[in-house]
Amino acid sequence: MGLQKSEIMLVVAAAAIGLLSFVIPDWLAFTTTLAIASAMVVLGVVMLMRAGLVSFGQGLYYCIGGYAVGMGGRFLGVTDALLLIGMGVVATVALAMLLGLLLTRYREIFFAMLTLAFSMILYGVLVKSHNLGSTDGFGVGNWTLLWFDPEGGKGSKTVLWLATAVGLAVALFLNRYFGSAIGLACEAIRENEVRVEYMGMSRRQILYINYIIAAAIGSIGGSLTSLAAGHVDPTMAYWTISGEFIFIALLGGTGHVAAAFIAAMIFIMVRTYAVELFPNSWQMILGIVLLLIILFLPKGIWSLFTRKRRVAS
Amino acid sequence: MLTVWAILIDGLIYASWLFLVAAGLTVIYGVMRILNMAHGSLYALGAYAAASAIGWYYNGGGDQLWIALAMIAACAIAIGALAGLIMERGVLRLMYGRDEVLMVIVTFAMLLILEDVMKIIWGTTPYFAYQPYAAMGRFNIGVLTVSGYQLMVVGISIAVGLALWFWLERTKIGKILRSIIHDREVSEAMGVNVKRMFTITFMIGAVLGAIAGGVTAPIISVVPGVGVEVIVVAFAVVVTGGLGSITGAAVGALIVGLARAVSIHTMPELELFIVYAVMAAVLIFRPHGLFGQAVARKI
Amino acid sequence: MTEILKTEGLSRYFGAVVAAEDINVTITEGEIVGVIGSNGAGKTTFINMVTGYLPPSAGTIAFDGSSIKGLGPRKLMRKGLSRSFQIPQLFLDLSVLDNLSMALSASESRHLEMLRPVRTPERIAAADEILTQMGITQYRDEMVTAMPQGARKLLDIAIAMLANPRMLLLDEPTSGVSTDEKHTLMDTVMEVVKRRGLTVLFVEHDMEIVQKYVTRVMAFASGIVIKDGPVEEVLADEKVQELVTGKRRGSRGKNTETHEGGA
């Protein structure tokens, strides 16, 4: 099972980031890390979109991943980054297994709004919990990666390497996943549920597994973000954040895994400037662009680069 | 025992407010199969418009309560109708026939746009329009006191509910709408001008949302974001009751209102959680809500 | 010969509407049965109940001796009951080969298997085999959207066959297909049916097709079976002619109703 062409490109890109990390300024390293972390969550949204579902609540798992890092360090004294990420994933998978039971019974609108609701519930709970700093959140303690201490605790280079490595692993996994039986089954479900059942597949089971994996990678994204930013707060679960992830997913399209990373990078860079220049119209611009994308580029910007031809690998 | 009464009264007051908010949302979904996330923005628009009007009126020396109330109604209706018309004709028209969830994203985009439009027009400092609320005093029910304004809201909510019922059941337009709710394709085949009905429906839903906001303005501080928080609760009501059903919205409002009242009096931090837990419980037994219809798949 | 399908008192009501009532039918293995009736007569309701799409309001259904009432399509498929659809239910965005590979993967896989790629050498071989049998090999790597309706119907039926069913239910296999192609289509399908020894039940409006390919006919009208027996006997029956095929002067009961609307 050799690597496909596009997978080789991903590895090359990751290596390039690794090399460049030594020469780029800190702010760019930080932005790239954020982009990769966001792309994780966006890929979760994409996984669900391929199955015909839109989640307005991936922020839920994004937030859990972030808070797991924060709380692991603060309350349990854990400092290893990988361990912290792992804790987030475990908590997320546990919750996703529970919520998934309810959510996979529903399609379309119900699914969309229920996911919104769950993430807003977490937001509400966090805002009211004083131990966790309510609306201010709290800072993430110093962390280590395996055996070494990155640049005094919150090194931007180390977290970039970590993000790149994790991002690459997830990207490769998903690339295989999309071409696998379950990946295609998700698309089949989106297209024609009736046929799927008559073929002998359980729509619910497939969607359930898909949902849990999407949640897990969302959590990883949240963990990476908090490691890089050094801070967590309840807005990670607020609906607007989930909305941004959906925006990026639509921007990138569902064609290829790499699209999410590129779209996330573009989005974050644009947002950094726009929020400075137009604080009271940034959301409006986002909304207008979103409408334009839906009207003119239903398959995202990726469709500008490739003629989409879906072939199972 | 006192707490039980307090819960019941609080629950009822909250339920009536919930119904006002949810009614527009469910009507639009029932007829157009669009879940309008921007409904929260319409609510906020109504609140801002009312707050501005009241502020202008009272600061200009006015002091007649009934004029203030009339202004709330007028402003809310005007802005709701206008915004609804622009949204439906300007944006939604272009997107009809698309996937249901894509429509939700479209309404989400409109929500983003409207949130900033409101920030641009009204700024970010809170608006207060407490005068009508204060002017209506407080009443005693047994040992509890309730504000007159909130009792009025209950009355308005009941009136709106009856008006909606009457309109849907007894008028010609209402019958047409019900036929569209039942089966859009068949209605079209029978000659119904579905496009025009959609515009009318959306405007009505928008007006209802704006009225809910306008009526609420005197009770809250109107700030950016009020619309979004409302949508989350409104959704719970509409889903519990069954998407598209007005009766469902009423019953859902009662259930959610009571659940929230219970939570507030016992475990305030879990308010939203309890509301959604109740909704989830209902969905387990009735997956489409209490009065919702399953949409049949056609092979 | 074994009894493969047996229904007793099978009925379905939608409120006050009687879609099907008191259907009692026994089908033995190897039979080719035609189901006829005008629109709304209850044929599709009957098929939908037998294939798990609609739960019956009353009565029993037994497949191969055990009750299948209330079972969903997935379980039925595993028991050996498959169906095709009047409007082909296919994955338009995937190629023909992928549609078939998916069907194979679905019918055989357990959970962890699903993380593996869909196209395996075994599946490709099996897909190629059925493509040849159905005569649509030329579309192997094409998207379904590039196929004409007749080919799509064959693909739809091919997918149903991949599950290695013992009994196949075809819902209007020739609807939406041009008149000259109908016979070629049915010839192909029946060839495979014979080779695999399948029992077949199919709904059909074209009486010529019915006469040519079946041995037994069930005639539906107003939700009940008005006649069930050998082809010639049923088609010659007065009531059947009145309610289903239409009174015909002339010897052949040919009735090409305007039901090409399957597309």
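The numbering scheme is per chain: residues are counted from 1 as the chain's sequence reads. For naming, the first written chain is A and the first written ligand is 1, with later ones following in the order written. Per-residue local features are limited, in this predicted model, to residues with pLDDT of at least 70; the limit for side-chain atom pairs, both in listing and counting, is 80 or more; totals at the level of whole chains, interfaces and linings are taken over all residues. The side-chain figures draw on all heavy atoms in the structure; neither hydrogens nor water molecules are used.

**What to know about the overall build of chain B**
Applicable threshold: In this description a helix means any DSSP run of H or I spanning at least four residues, a strand means any run of E spanning at least two, and both kinds are numbered starting from the N terminus. A simple rule labels every residue: compare its accessible area, found with a 1.4 Å probe on the protein chains alone, to the largest value its type can have, and call it buried under 20%, exposed over 50%, or partly exposed in between. Only heavy atoms matter for contacts: two residues are in contact if any of them lie within 4.5 Å across the pair. Using a 1.4 Å probe, the Shrake-Rupley method yields the accessible areas, and only the shown protein chains count as cover for residues. The sign given to each residue is positive for Lys and Arg and negative for Asp and Glu; His and the chain ends receive no count. Charge positions come from single atoms, namely NZ of Lys, CZ of Arg, CG of Asp or CD of Glu.
The secondary structure content of chain B amounts to 12 helices and four strands. The dimensions of chain B, computed from C-alpha atoms along their principal axes, are 60 × 45 × 35 Å. Per-residue burial over chain B gives 56% buried out of 299 residues. Of the contacts made within chain B by residues no fewer than 6 positions apart, 75% connect residues no fewer than 24 positions apart. Summed over its atoms, the accessible surface of chain B is roughly 12,500 Å², and 68% of this surface lies on carbon and sulfur atoms. Placing the 17 positive and 14 negative side-chain charges of chain B at their respective mean positions leaves the two points 11 Å apart.

**Examining the side chain of Asp116 of chain B**
We count it as follows: Two N or O atoms form a polar contact when they lie within 3.5 Å of each other; inside protein one atom must be a possible hydrogen donor and the other a possible acceptor, and for residues adjacent in sequence the pair counts only when both atoms belong to side chains.
By the secondary structure assignment, Asp116 of chain B is in helix α4 (residues 100-122). Of the residues examined, Asp116 of chain B reaches a relative accessible area of 0% and is grouped as buried. Of the polar contacts made by the side chain of Asp116 of chain B, one reaches the backbone nitrogen of Gln283 of chain A; its length is 2.7 Å. A distance of 2.7 Å separates the side chain of Asp116 of chain B from the backbone nitrogen of Met284 of chain A, its partner in a polar contact. Once residues lying within four places of it in the same chain are set aside, the contact partners of Asp116 of chain B are Asn280, Ser281, Trp282, Gln283 and Met284 of chain A.

**Topic: helix α10 (residues 239-252) of chain A**
All names here are of chain A. Applicable threshold: Helix span is expected to be 1.5 Å times the residue number reduced by one.
Under the 1.5 Å per step criterion, the end-to-end length of α10 is 20 Å for 14 residues, consistent within 8% with the ideal 20 Å. Of all 14 residues in α10, 13 are buried; the element is thus mostly enclosed. Taken from the residues just after α10, Gly253 is the one with a positive phi, measuring 85°.

**Some words on the pattern of salt bridges**
The cut-off we apply is this: Any carboxyl oxygen of Asp or Glu within 4 Å of a side-chain nitrogen of Lys or Arg constitutes a salt bridge here.
Per the counting criterion, the structure on display carries 16 salt bridges over all chains. A salt bridge links Arg74 of chain C to Glu197 of chain A; the shortest N-O distance between them is 3.8 Å. With Arg74 of chain C in helix α2 (residues 73-79) and Glu197 of chain A in helix α8 (residues 193-199), this residue pair bridges two chains. For Asp141 of chain C, the salt bridge is made with Arg140 of chain C, and the minimal N-O distance between the two is 3.4 Å. Residue Arg140 of chain C is classed as partly exposed on the basis of its relative accessible area, which comes to 22%.

**Digging into the packing of aromatic side chains**
We count it as follows: Stacked, tilted and edge-to-face are the three classes applied to pairs of Phe, Tyr and Trp rings, where Trp contributes its six-membered ring and a pair requires centres within 6.5 Å; stacked means planes under 30 degrees apart, edge-to-face means over 60, and tilted covers the rest. For a lysine, the NZ atom is tested; for an arginine, the CZ atom; a charge sits over a ring if that atom is within 6 Å of the ring centre and within 35 degrees of the ring normal.
Here the structure, examined in full by the defined rule, presents 21 aromatic pairs over all chains. Where Trp239 of chain A meets Phe108 of chain B, the ring centres are 5.6 Å apart and the plane angle is 85°; that geometry is what we call edge-to-face. A residue pair is termed interchain when its members come from two chains, as with Trp239 of chain A in helix α10 and Phe108 of chain B in helix α4. Comparing Trp239 of chain A with Phe108 of chain B, the two get one shared label, buried. Grouping aromatic residues by their ring pairs yields a cluster made of Phe56, Tyr123, Tyr238 and Trp239 of chain A together with Phe108 of chain B. In this arrangement the basic side chain of Arg50 of chain A is found over the ring face of Phe178 of chain A, its NZ or CZ atom lying 3.9 Å from the centre. Sitting over the face of the ring of Tyr14 of chain B, Arg260 of chain B holds its NZ or CZ atom 3.8 Å from the ring centroid.

**Thoughts on the side chain of Ser84 of chain C**
Turning to its location among the elements, Ser84 of chain C is positioned in the loop between β6 (81-83) and α3 (96-108). Apart from residues no more than four positions distant in its own chain, Ser84 of chain C is found in contact with Asp156, Ile157, Ala160, Leu169, Leu170 and Asp171 of chain C.

**Overview of unusual backbone geometry**
Residue and element names in this part refer to chain C. The phi dihedral of Asp22 is positive, around 50°, even though this residue is not glycine. The topology assignment puts Asp22 in strand β2 (residues 17-28). Taking the relative accessible area as the measure of exposure, Asp22 reaches 47% and is therefore partly exposed. Even without a glycine there, the phi angle at Glu172 is positive, about 50°. Mapped onto the elements, Glu172 comes out in the loop between β7 (167-171) and α6 (179-196). Of the residues examined, Glu172 reaches a relative accessible area of 4% and is grouped as buried.

**Some thoughts on the pairing of strand β1 (residues 3-14) of chain C**
All names here are of chain C. Spelled out, the test is: Should DSSP find at least two bridges between two strands, the strands are regarded as paired.
Both β1 and β2 contribute to a ladder of eight bridges, which runs antiparallel. The partner of Arg12 across the bridge, within β2, is Ala20. Counting the residues between successive antiparallel strands, the hairpin from β1 to β2 contains two residues, one of them, Gly15, with a positive phi of roughly 65°. Bridging between β1 and strand β4 (residues 58-63) involves five bridges; their strand directions are antiparallel. Opposite Ser11, over in β4, you have Ala58 as the bridge partner.

**Some remarks on the sheet that holds β4 of chain C**
Residues and elements named next belong to chain C. To keep things clear, this is the line we draw: Every axis in this analysis is a line fitted to C-alpha atoms, fitted for helices over the stretch in contact. Angles between the N-to-C directions lie between 0 and 180 degrees.
Taken in spatial order, the four strands line up as β2-β1-β4-β5 in an open sheet, and their pairing is antiparallel. For this open sheet the edge positions go to β2 and β5 (66-67), each flanked by a neighbour on one side alone. Sheet strands touched by helix α1 (residues 43-50): β1, β2 and β4. Its angle to β1, the strand with the most contacts, is close to 120°.

**Concerning the sheet that holds β6 of chain C**
Residue and element names in this part refer to chain C. If you walk across this open sheet you meet the six strands as β6-β7-β8-β3-β9-β10, and the pairing is mixed. What marks the edges here is a single partner per strand, and that holds for β6 and β10 (224-230). Neighbouring strand axes in the sheet, compared pairwise and without regard to direction, differ in orientation by 15° on average. Strand direction decides the pairing type here: strand β9 (residues 216-221) and β10, joined by six bridges, are antiparallel. Residue pairing across strands places Val217 opposite Gly229, the latter belonging to β10. Sitting on the sheet, helix α9 (residues 238-245) is in contact with β3 (32-36), β9 and β10, with an inclination near 120° to β10.

**Concerning the interface of chain B and chain A**
Note: interface size is frequently given as the accessible area lost on complex formation between the parts. This is how it is decided: Here the quantity called buried area is the total loss of accessible area, with a 1.4 Å probe, experienced by two parts when brought into contact, counted for both. Residues are grouped as follows: nonpolar covers Ala, Val, Leu, Ile, Met, Phe, Trp, Tyr, Cys and Pro; charged covers Asp, Glu, Lys and Arg; every other residue, Gly included, is treated as polar.
Contacts between chain B and chain A engage 45 residues on the former and 35 residues on the latter. Between chain B and chain A lies a buried interface of about 3,900 Å² when both sides are counted; carbon and sulfur atoms form 78% of it. Joining chain B to chain A, the criterion identifies zero salt bridges. Counting across the interface, chain B meets chain A through three residue pairs in polar contact (both at pLDDT 80 or more). The set of elements that each furnish at least two residues to the side of chain B that touches chain A consists of α3 (65-95), α4, α10 (226-241) and α12 (271-285) of chain B. The element that contributes the greatest number of residues to the side of chain B that touches chain A is α4 of chain B, accounting for 16 residues. Looking at the side of chain B that touches chain A residue by residue, the class counts come to 34 nonpolar, one polar and 10 charged.

**Considering the nonpolar core**
Using the following cut-off: Joining through side-chain atoms within 4.5 Å is the link that ties buried Ala, Val, Leu, Ile, Met, Phe, Trp, Tyr and Cys residues into a set, and such a set is a nonpolar core.
Membership of the largest hydrophobic core comes to 279 residues, with the highest contact counts inside it found for Phe56 of chain A, Tyr276 of chain B together with Leu100, Met134, Met161 and Phe202 of chain C. Residue contributions to this core peak at 15 residues, all from helix α2 (residues 26-50) of chain A. Setting aside anything within four residues of it in sequence, one finds Tyr276 of chain B in contact with Ala117 and Ile121 of chain A together with Val232, Phe235 and Ala236 of chain B.

**Considering the packing of helix α2 (residues 39-59) of chain B against helix α9 (residues 194-216) of chain B**
All names here are of chain B. Operational definition: Orientation is classified from the angle alone, with under 35 degrees giving roughly parallel, over 145 giving roughly antiparallel, 65 to 115 giving roughly perpendicular, and any other angle giving oblique. A clockwise turn of the near helix away from the far one marks a right-handed crossing, whereas an anticlockwise turn of less than a right angle marks a left-handed crossing.
Running from amino to carboxyl end, α2 crosses α9 at an angle of 50°, the nearest separation of the two axes being 6 Å. Here α2 lies oblique to α9, going by the angle between them. Handedness of the crossing formed by α2 with α9: right-handed. Residues His39, Leu42, Tyr43, Gly46, Ala47 and Ala50 of α2 pack against Gly205, Ala206, Gly209, Ala210, Ala212, Gly213, Gly214 and Thr216 of α9. Along the lines of polarity and charge, the residues of the contact of α2 with α9 split into seven nonpolar, seven polar and no charged.

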